Amino acid sequence: MKWKELKAAYPLTIPVMTGYLFLGAAYGFLMKSRGFGVGWTAIISATVFAGSMQYAGVKLLTSTFNPIYALLITLVVNARHSFYGISMLEKYKGIKKLKAFLIFGLVDETFSINYSHKLPQDVDKGRFYFFVTFLNYTYWIVACIIGNLIRNLFTFDTKGLDFVLTAFFVVIFIDQWISQKNHTSALIGLLSSVICLIIFGQNRFIIPAMILMIASLIFFKPHIEHIEKEEE
Amino acid sequence: MPLTPVEVLITVAMMVLGTMITRFLPFLCFPEKKKVPKYITYLGKTLPYAVMGFLVIYCLKGVSIVNKPYGMPELSALIFIFAIHLWKRNTFLSIFGGTIIYMLLSRLVFV
């Protein structure tokens, strides 16, 4: 069966599709309200392809021209993507075709599915990863375009629908928690983020949280590896 | 003063460049043929669990616990998701059930 990887990938992406439809459409709508038509919306969604950065980008596109600042802001907002790369080095190893596309499309949601889903033996991992990445990429672009094109899009009440992505990450977090005997890493992630959020506030906590996470993981390396050895 | 189309294009190009740096950097630093340093392998194994905790907090960063409704819709929905997921282990039920609970609570109960 040629399409079994697609069949395996599609159901996993349905929550992402729901969340993207809402957030992407809201982005397209926001762009339109700032005078950007479907052309720019499509180009930006297809090339930048990073939800929170695109929202931050609206501000960059409507204030004074400052390309260096735009680059720095992008590096800060998207720095977490490097963590996904480090985590996927092993899993994306040996994939020849389309590896560049997999890396290009390594957003929060795609990473979450591709890292945590246990693949059946008879499924080609490269094709599976590709379909997850490609589907999520397509949902996002289509949603952004829809939001830009359709007038009076939000006459129906979608308030709170964006919570679907929060629920999506929470469920993956629980699944990972259950699958692991040692919860040190998960707790480090939670606590570093909460502590930095309280200290630095919601607009400045990402980089400190990332640094604290790396530092804590290295600090607790002997402890984590000790428990892992005992499990084996 | 709005940006000219060329300035928009340059700004967008910078956003693309920045995003691609963050995504490609690990793969460029550690190509398949090169031996990956032990610390990076260790981080590659432990970071995913830490980063998922981070993503949960990242999604909830805008929730205020000092102003009304004190994060109650989020907290209730999270408790629901934990309970139903541990009970049924059905990803769809947990995600969409939690979302519906959240939407109902934030409109009807904690207005």
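What you are looking at is a predicted structure, and each value in this text was computed from that prediction instead of being measured.

Trainee: Explain the overall build of chain A residue by residue, including any values.
Mentor: The helix and strand tally for chain A stands at twelve helices and zero strands. When its helices and strands are written in sequence order, chain A yields α-α-α-α-α-α-α-α-α-α-α-α. In summary, chain A has a C-alpha radius of gyration of 19 Å against a globular reference of 17 Å for 232 residues, a match within 12%. By its C-alpha atoms, chain A is 60 × 50 × 35 Å across when sized along the principal axes. Looking at chain A residue by residue over its 232 residues, the buried ones come to 43%. Pairs at least 24 residues apart make up 76% of the contacts formed inside chain A by residues separated by at least 6 positions.

Trainee: Let's hear about the overall build of chain B: which residues, and what values?
Mentor: On a plain count of helices and strands, chain B comes out with four helices and zero strands. Counted from the first residue to the last, chain B has its helices and strands arranged as α-α-α-α. A compact globule built from 111 residues would reach a C-alpha radius of gyration of about 13 Å, whereas chain B, at 21 Å, exceeds it by more than 25%. Expressed along its principal axes, the backbone C-alpha trace of chain B runs to roughly 50 × 50 × 30 Å. In chain B, buried positions account for 37% of the 111 residues. In chain B, once contacts between residues fewer than 6 apart in sequence are set aside, the share between residues at least 24 apart is 40%.

Trainee: Describe the nonpolar core, with residues and values.
Mentor: Membership of the largest hydrophobic core comes to 89 residues, with the highest contact counts inside it found for Phe168, Phe169 and Val170 of chain A together with Ala50 and Met52 of chain B. Considering each element in turn, this core owes the most residues, twelve residues, to helix α1 (residues 4-33) of chain A. Residue assignment places this core across two domains, with domain 1 (4-174) and domain 2 (180-232) of chain A each supplying three or more.

Trainee: Go over the confidence of the model for chain A with me, naming the residues and quoting the values.
Mentor: Taken residue by residue, chain A gives an average pLDDT of 91. The fraction at 70 or more is 95%. Ranking the elements of chain A by mean pLDDT puts helix α12 (residues 221-231) of chain A last with 82 and helix α2 (residues 38-47) of chain A first with 97.

Trainee: Describe the packing of helix α11 (residues 206-219) of chain A against helix α2 (residues 38-59) of chain B, listing the residues and the values that go with them.
Mentor: It is the contact of α11 of chain A with α2 of chain B, at a shortest axis distance of 11 Å, that shows an interaxial angle of 135 degrees. Judged by the inter-axis angle, α11 of chain A sits oblique to α2 of chain B. Crossing of α11 of chain A against α2 of chain B: the hand is right-handed. Along its contact with α11 of chain A, which presents Ala209, Met213, Ile214 and Leu217 of chain A, the element α2 of chain B presents Leu43, Thr46, Leu47, Ala50 and Phe54 of chain B. Classifying every residue of the contact of α11 of chain A with α2 of chain B gives eight nonpolar, one polar and no charged.

Trainee: Please provide a residue-by-residue account of the environment of Val194 of chain A, values included.
Mentor: Take Val194 of chain A: it is sitting in helix α10 (residues 184-200). Sequence separation of Val194 of chain A and Tyr84 of chain A is 110 residues, and the distance between their C-alpha atoms is 20 Å.

Trainee: Tell me about the environment of Val58 of chain A, residues and numbers included.
Mentor: Along the chain, the position of Val58 of chain A falls in helix α3 (residues 51-61). Separated by 24 residues in the primary sequence, Val58 of chain A and Arg34 of chain A place their C-alpha atoms 8.0 Å from one another.

Trainee: Explain the interface of chain A and chain B to me, and be specific about the residues and the numbers.
Mentor: Taken together, the 67 residues of chain A in the interface contact 57 residues of chain B. Top element by residues in the side of chain A that touches chain B is helix α9 (residues 163-179) of chain A. It accounts for 13 residues. Along the lines of polarity and charge, the residues of the side of chain A that touches chain B split into 44 nonpolar, 17 polar and six charged.

Trainee: Could you give an account of the packing of α10 of chain A against α11 of chain A, with specific residues and numbers?
Mentor: All names here are of chain A. Interhelical geometry of α10 versus α11 gives an angle of 145 degrees and a closest axis separation of 8 Å. Like other packed secondary-structure pairs, α10 and α11 cross with a definite hand, here right-handed. Each of Ser185, Ile188, Gly189, Ser192, Ser193, Ile195, Cys196 and Phe200 in α10 lies in contact with α11, whose residues at this interface are Pro208, Ala209, Leu212, Met213, Ser216 and Leu217. Classifying every residue of the contact of α10 with α11 by side-chain character gives nine nonpolar, five polar and no charged.

Trainee: Quick rundown of the confidence of the model for chain B? Include the residues and the values.
Mentor: On average, residues of chain B score 92 in pLDDT, and 99% of them are at 70 or above. Among the scores for the predicted complex, ipTM is 0.91 and pTM is 0.87.

Trainee: Could you give an account of the domain arrangement of chain A, naming the residues involved and the relevant values?
Mentor: Along its sequence, chain A is organised into domain 1 (4-174) and domain 2 (180-232). Put simply, the middle of domain 1 of chain A and the middle of domain 2 of chain A, counted by C-alpha atoms, are 25 Å apart.

Parameters and conventions
Here the residue index of a chain counts from 1 through its sequence in written order. Chain A is the first chain written and ligand 1 is the first ligand written, with later ones labelled in order. With the structure being a predicted model, the display of local features is reserved for residues of pLDDT at least 70 and the display and counting of side-chain atom pairs for 80 or more, all residues being used for whole-chain, interface and lining totals. Secondary structure counts use DSSP, requiring at least four H or I residues in a row for a helix and at least two E residues in a row for a strand, with both numbered from the N terminus. Radius of gyration means the value over C-alpha atoms here, while the globule rule gives 2.2 Å times the residue count to the 0.38 power. To assign burial, the other C-beta atoms lying within 10 Å of each residue's own C-beta are counted, with C-beta atoms placed from the backbone; 20 or more indicates buried, 12 or fewer indicates exposed, and intermediate counts indicate partly exposed. What counts as a contact here is a pair of residues whose C-beta atoms, placed from the backbone, lie within 7 Å. Working definition: the nonpolar core is a set of buried Ala, Val, Leu, Ile, Met, Phe, Trp, Tyr and Cys residues, joined through C-beta atoms within 7 Å. Residue ranges assigned to the domains are those given by an automatic or database domain assignment. Confidence scores labelled pLDDT are given residue by residue by the predictor and lie between 0 and 100. Only the contacting stretch of a helix is used when fitting its axis, a line to C-alpha atoms as for every element, and angles between N-to-C directions run 0 to 180 degrees. Between 65 and 115 degrees an angle is taken as roughly perpendicular, under 35 as roughly parallel, over 145 as roughly antiparallel, and anywhere else as oblique. Crossings are classed by handedness, with left-handed meaning an anticlockwise turn of the near helix from the far one by less than a right angle and right-handed meaning a clockwise turn. Any residue outside Ala, Val, Leu, Ile, Met, Phe, Trp, Tyr, Cys, Pro, Asp, Glu, Lys and Arg is labelled polar, Gly included; the first ten of those are nonpolar and the last four are charged.

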